[in-house]
Amino acid sequence: MIEVSGLRKTYGDFAAVVGSEFEIDRGEIFGVVGPNGAGKTTTLKMLAGLIEPTSGTATVAGYDAGDPEMRHQLGFLPEESPLYEDMTARSYLRFFADLYDVPREVASERIESTLDRLDLEYRDRRLGDVSKGMKRKVAIARSLVNDPDVLIYDEPASGLDPLTTNSVLEFTEELREDDKTVIFSAHNLYHVESVCDRVVIMNEGRIIARGSVADIREQYGETTYHVYSDTALDATDPTADGRHRAVVETMAKVEAIQAAATDAGGSVTDIRTDEPSLESIFLELTGQQMPSPRTATDTEPTGEPTTEHEVEDAP
Amino acid sequence: MTRVDRLRTRLTTAGRRLRRIARIARWEFGQSTSSYNRRTLAVIAVLVVVVASVGTSAVALGVASPSPNTDIYRVGVADNSPYNAVIDDHASLTARPPDRTALATGEIDLLIGGVRQPAAGPGPRSPTLLVEPADGEKGDAALTAFRSAVQSYNDRAMALEPNRTAAYPVVVELQYIPQSTLGPAAPTNAGNLTGDDAAADNADDSDGTDTDANDTDTNGTTSDADGGTADGGGDNTTGTDRTEGDAPPVADGGGGSLLDRALFGGGTSGSPAEIQPPFPFGSLLLAFLFLVPMNFVIQSYGSSVLNERISRRGELLLVAPVERLDIVAGKTLPYAAIAVAVTAVIAAAVGGGLLSVAAVVPIALTFLAATFLGAMFARSFKELTFVTITITVFLTSYVFIPSIFTNVTPIALISPLTLVVMELQGEAVSLGSYLFSTGPFYTSTAVLFLLGTGVYREEDMFSQKPVPLKFLDALDARLSGVRSVGVLTALFLPFVFIAELLAIAVLFVLPIEVSIPLLLVVIAAVEEVAKSIHIFAGFESDRFDRSVPTALLLGAASGVGFFVAEKFTAVAQLVGLPDLQLGQAALQPAGIGIAPSTTLLLLAGPLVLHTVTAGVSALGARTRLRWYLVSLVAATAIHAAYNLGVVTLYG
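All values reported here derive from a predicted model rather than from experimental measurement.

## Observations concerning the overall build of chain B
Then, in step 1: A tally of regular secondary structure across chain B gives 26 helices and 7 strands.
Then, in step 2: Looking at chain B as a whole, 50% of its 651 residues are labelled buried.
Then, in step 3: The long-range share in chain B, meaning contacts at least 24 apart out of those at least 6 apart in sequence, stands at 72%.
Then, in step 4: Just so you have it, chain B exposes about 28,500 Å², and 64% of that area is on carbon and sulfur atoms.

Quick look at the structure:
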């Protein structure tokens, strides 16, 4: 549904996005994460046709991203989405439906149904008088007013309370069931982890990691095993509850501890696996403390040197 | 796809675009009106009504006239005298009972006596009016004013006469003779001219009605107080005796509308005494009436555009399937409609018609276009305020200053307000005059919107660059290759034309020895900036490589673009601008307004000049701002020297 190849955007000497490459399938929720200034928003805006790439191509729903016809297939929710506060939710959505040439009856039905799904009250109240969460829901409803195939959501839950955030995230997951393709950008990596099928991590304009959350965890995360023994061993430290614990990184070491415990006349009583969060991986990756990936291949399409390790999608 | 299918597709697309524009316009109108609460709207409405009422009342009644001439001459005249109507019509005259004692004591300045019938034998064969002024300068001035009033009255009466042949039995063939052929001994004192000399003098004076009248003038107004003999009314005003004759006034001749009298002092004879004080007032009042409401409109419009940028709300429109141009058109349409409606109402209130509306609408459009571009550049409402004030001051000056000279010189036609004045005076306006006055406004409007739409995109709308950098971005947005440089240069021509016309109008009051050299330098500077500023923008954005060959190539393209577009300034000939010395100085270097054979000789000159000087500027522009400015000064110096040479040789 979306194909990005060698996408690059520069402003004078500053490279905002350097050679991004990825593909997104229909019905997929795709996360774009990275610190501030990583190039996430620029990438999303190039996909939305708002920013012209310096080089490279982006195809959305079969159209070039710069093609005005593409916009009929796109719903875009920018990070800042101020509304026209003198309008009501209904009149606001109706206005955009008109711009998308949605027939009046279809628009009415679609607007009401979307507002129902988003559990939006006060549909005829001035938007200036409703809460921030309500405004965000109206903005999301606006992104759906043309029933697009592709949705680009930049920080959809930014600044919302936990209840509204959950509501927005649940709604985003429901879009997958509607066969919508969603590109989802967020600072809060728990949100990305909970919603997205695949992610790319960007830093300084480059994609430095990509794949499903599990893939990335597998590639970059150091899964550790907490091995509890009833006998003190060289490799273990005492715990507060009187047991002895060893923290090791490989199953071979776990097996070695098991053998050592048996030899010492004891046994291993518990083994716990500690998987890294996407956030911890992200911090390590963007904090310039690169864990050793198991496979590393330079995917920089322009052949420019990079200090980051970039990897192909995990098999 | 067949041709019919293609046509159908195009029509469908056009229909959709129009629907979207209309939808955005409707939405914009709702937005702009809802942004004011009812109390504010009520206050604005009251203000508009008060301004309109005071303005139109002042125009209609003349009560606001600051003219020091109002009722200053007291004329003793019998109640049953037909000259009462003449005196009533003239602002500086007021009627008093005819009393010789009062004349002697200075209570009246002029006494209108009876009419002496012609005696048999030699002497005057028409009735002679007995007029006696008081002793002293005021009496003489009152007599002059009375003569002028009678002549104006008669002229108006003749103008209202349906039988043109009866009104103007004498047809004067005007033949314009180039100054150079008159020789050094050609008389310049209009007061001594007669016959053909007077015709030549009229060509110089170019009162607007003569210059486009070609060879036949049946309008008695071509005779002015300088003693020309082209008066069809049997003017005897050259006499110094104190009993003079004139065509008896028509009792119910009308003499023009009340508004006409208030605005233009009740006379159209063209005498300096009548022209000078009332015309600035009339023009000022028109400028006030037409331009003040526009300020309200552009404030609202500019705020709306800037709001879209500052709050980033415009981003959602940009991502909708709507062309940028359509968004801008939709947002502008309500304000343009309001401006047209207000203009029409004011035009109707002052007695104008369609011509007045057609003359002022391009000004309104330029107001909107300049405001749009300013709002696209401004980073805050504070900056927007500065921008709108600048626009208001510049455009008001541009339309006001030239219109001061209405009926005096073709310079007046630089301002479209002059067309309004002419319509109110009942004068015909040729298509050439209309194009000359409004053309720069229409084309400037188009170019300003073009530049503004170029930066109506995400990357420029929401950035916080200083205004000069935004301006460079706007220029750069319209550049693509070498050819685009030439095209953009050509598009700048309306601004060059406006700047040069404004310079002519402003410098017109200075002595020729000062104004012409100054004008030549100003023109050179304006043209050199127009030819190079976008090249500088292109280099600054790294659109072009900074090599010398590229700079020279771009300079050549710009020079050629300017050379071609410059030929359109020939429209100035339609109103006789090259007949003026300042007009010659401004236009001759471009080959405008001189003999065709000479023009051919000069054809290569401007082309070489523009190419060379644009190349010089481009060489500086490829480095940095400081060197660009240095090269610009050098190019201006070369250009000014060339202009001076041409004017010296052919002027």
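Now that the structure has been shown, the text picks up again.
## A word on the overall build of chain A
Then, in step 1: Along chain A, the regular secondary structure elements total 9 helices and 14 strands.
Then, in step 2: Sorting the 315 residues of chain A into buried and exposed places 51% on the buried side.
Then, in step 3: If you take every contact in chain A between residues at least 6 apart in sequence, the share linking residues at least 24 apart comes to 66%.
Then, in step 4: With the model as given, the accessible surface of chain A reaches about 13,900 Å², and the carbon-plus-sulfur share is 45%.

## As for the nonpolar core
Then, in step 1: Leu47, Tyr92, Phe96, Ile152, Ile183 and Ile201 of chain A together with Phe290 of chain B are the most contacted members of the largest nonpolar core, which has 187 residues in total.
Then, in step 2: By residue number, the principal contributor to this core is helix α14 (residues 354-377) of chain B, which donates 15 residues.
Then, in step 3: Both of domain 3 (279-478) and domain 4 (481-651) of chain B provide at least three residues apiece to this core.
Then, in step 4: Every residue in contact with leucine 47 of chain A, bar those within four places of it in the chain, is listed here: Ile2, Val4, Phe22, Ala58, Val60, Ala65, Met70, Ile152 and Ile183 of chain A.
Then, in step 5: In this structure, Val75, Leu93, Phe146 and Ala149 of chain B belong to the second largest nonpolar core, which totals 18 residues.

## Regarding the interface of chain A and chain B
Then, in step 1: Listed by partner, the interface residues are 30 residues for chain A and 26 residues for chain B.
Then, in step 2: Taking both sides of the interface into account, the surface hidden between chain A and chain B amounts to around 2,500 Å²; carbon and sulfur atoms contribute 57%.
Then, in step 3: It is Leu50, Tyr84 and Leu99 of chain A that lose the most area in chain A upon contact with chain B, and together they represent 27% of the buried surface on that side.
Then, in step 4: Linking chain A to chain B there are 6 salt bridges.
Then, in step 5: Where chain A touches chain B, the interface holds 12 residue pairs in polar contact (both at pLDDT 80 or more).
Then, in step 6: Of all the secondary-structure elements, those providing two or more residues to the side of chain A that touches chain B are β1 (2-11), β6 (74-77) and α2 (89-99) of chain A.
Then, in step 7: The element contributing the most residues to the side of chain A that touches chain B is α2 of chain A, with 6 residues.

## Comments concerning the sheet that holds strand β12 (residues 237-238) of chain A
All names here are of chain A.
Then, in step 1: In space, the 4 strands of this open sheet follow the order β12-β13-β11-β14, with antiparallel pairing throughout. With partners counted over all chains shown, the strands left at the sheet margins are β12 and β14 (268-274), one partner each.
Then, in step 2: Across 5 bridges, strand β11 (residues 224-229) lies against strand β13 (residues 244-248) in antiparallel orientation. When the bridges of β13 are listed, tyrosine 228 appears paired with arginine 245.

## Here we look at the environment of leucine 488 of chain B
Residues and elements named next belong to chain B.
Then, in step 1: Inspection of the secondary structure assignment puts leucine 488 in helix α20 (residues 482-491).
Then, in step 2: By relative accessible area, which is 2% here, leucine 488 ends up buried.
Then, in step 3: Sequence-wise, leucine 488 and lysine 531 are 43 residues apart; in three dimensions their C-alpha atoms are separated by 8.7 Å.

## What about the pattern of salt bridges?
Then, in step 1: This structure, assessed with the given rule, holds 37 salt bridges over all chains.
Then, in step 2: Of the charged contacts, one joins arginine 74 of chain B and aspartate 109 of chain B as a salt bridge, the two residues approaching to 3.5 Å between their closest N and O atoms. Of the two residues, arginine 74 of chain B is situated in strand β1 (residues 73-76) and aspartate 109 of chain B in the loop between α4 (100-105) and β3 (110-116); the sequence distance between them amounts to 35 residues.
Then, in step 3: Residue arginine 74 of chain B is classed as partly exposed on the basis of its relative accessible area, which comes to 23%.
Then, in step 4: Among the charged side chains, a salt-bridge network with shared partners connects Arg90, Glu112, Asp116, Arg123 and Asp124 of chain A.

## Notes on the packing of helix α15 (residues 381-403) of chain B against helix α21 (residues 493-507) of chain B
Each pair of packed helices can be described by the angle between their axes along with the distance between the axes.
All names here are of chain B.
Then, in step 1: Running from N to C, α15 and α21 point in directions that differ by 50°, and their axes come no closer than 10 Å. Judged by the angle between their axes, α15 and α21 are oblique. Judged by the sense of rotation from one axis to the other, the crossing of α15 with α21 is left-handed. For the pair formed by α15 and α21, the contact residues are Phe394, Ser397, Tyr398, Ile401 and Pro402 on the first element and Ile498, Leu501, Leu502, Ala505 and Val506 on the second.
Then, in step 2: Of the residues assigned to the contact of α15 with α21, the class counts are 9 nonpolar, 1 polar and no charged.

## Comments concerning the pairing of β1 of chain B
All names here are of chain B.
Then, in step 1: In terms of strand pairing, β1 meets strand β2 (residues 93-96) through 4 bridges, oriented parallel. Within β2, the residue paired with glycine 76 across the bridge is arginine 96.
Then, in step 2: A crossover connection joins β1 to the parallel β2 through helix α3 (residues 83-89); in handedness this β-α-β unit is right-handed.
Then, in step 3: Pairing of β1 with β3 involves 2 bridges; the strand directions are parallel. Across the sheet, valine 75 pairs through a bridge with leucine 110, a residue of β3.

## What about helix α3 (residues 104-117) of chain A?
All names here are of chain A.
Then, in step 1: Here α3 spans 20 Å end to end across 14 residues, near enough to the 20 Å set by a 1.5 Å rise per residue.
Then, in step 2: All of the buried residues in α3 are Ala107, Ile111, Thr114 and Leu115. Seen end-on, α3 carries its buried residues on one side only, within an arc spanning 95°. Looking at α3, the residues exposed on the side facing more than 90 degrees away from the buried face are Glu105 and Glu109.

## A short note on α14 of chain B
Along an α-helix, a turn takes 3.6 residues, which lines up residues three or four apart on a common side.
Then, in step 1: Across its 24 residues, α14 of chain B extends 35 Å between first and last C-alpha, which sits within 8% of the 34 Å expected from 1.5 Å per residue.
Then, in step 2: Counting buried residues along α14 of chain B, 20 of its 24 residues qualify, which places the element largely inside the surrounding structure.

## Considering the packing of aromatic side chains
Then, in step 1: Applying the stated criterion across every chain yields a total of 17 aromatic pairs over all chains.
Then, in step 2: Between phenylalanine 95 of chain A and tryptophan 27 of chain B, the ring centres sit 4.7 Å apart and the planes meet at 20°, which makes this aromatic pair stacked. Residue phenylalanine 95 of chain A is found in helix α2, and its partner tryptophan 27 of chain B is found in helix α1 (residues 3-34); the two belong to separate chains.
Then, in step 3: For tryptophan 27 of chain B, a relative accessible area of 4% gives the class buried.
Then, in step 4: Aromatic ring contacts, followed pair by pair, group Tyr84, Tyr92, Phe95 and Phe96 of chain A together with Trp27 of chain B into a single cluster.
Then, in step 5: Over the ring of phenylalanine 562 of chain B we find lysine 531 of chain B, and its NZ or CZ is 5.7 Å from the ring centre.

## Describing the pairing of β11 of chain A
Residues and elements named next belong to chain A.
Then, in step 1: Summarising burial for β11: 6 of the 6 residues are buried, a large majority.
Then, in step 2: Burial along β11 is two-sided: the face carrying Thr224, His226 and Tyr228 and the face carrying Tyr225, Val227 and Ser229 are both buried.
Then, in step 3: With 6 bridges connecting them, β11 and β14 associate as antiparallel partners. From the neighbouring strand, histidine 226 faces β14, where its bridge partner is arginine 272.

Analysis parameters
- Residues numbered from 1 in each chain as written.
- Chains lettered and ligands numbered in written order.
- Predicted model: local features only at pLDDT ≥ 70, side-chain atom pairs only at ≥ 80, totals over all residues.
- Heavy atoms only, no water.
- Helix = DSSP H or I, 4+ residues; strand = E, 2+ residues; numbered from the N terminus.
- Buried < 20%, exposed > 50% of the residue type's maximum accessible area, 1.4 Å probe, protein only.
- Contact = heavy atoms within 4.5 Å.
- Areas by Shrake-Rupley, 256 points an atom, 1.4 Å probe, with all protein chains shown as cover.
- Core = buried A, V, L, I, M, F, W, Y, C linked by side-chain atoms within 4.5 Å.
- Domains from an automatic or database assignment.
- Buried area = accessible area lost by both parts, 1.4 Å probe.
- Salt bridge = Lys/Arg side-chain N within 4 Å of Asp/Glu carboxyl O.
- Polar contact = N/O pair within 3.5 Å; in protein donor to acceptor, adjacent residues only side chain to side chain.
- Pairing = 2+ DSSP bridges.
- Axes fitted to C-alpha atoms, helices over the stretch in contact; angles between N-to-C directions.
- Parallel < 35°, antiparallel > 145°, perpendicular 65-115°, else oblique.
- Left-handed = near helix turned anticlockwise from the far one by under 90°.
- Nonpolar A, V, L, I, M, F, W, Y, C, P; charged D, E, K, R; others polar.
- Right-handed = clockwise from strand over helix to strand, strands pointing away.
- Expected span 1.5 Å × (residues − 1).
- Arc of directions from axis to C-beta.
- Phe/Tyr/Trp six-rings, centres within 6.5 Å; stacked < 30°, edge-to-face > 60°.
- Lys NZ or Arg CZ within 6 Å of the ring centre and 35° of its normal.

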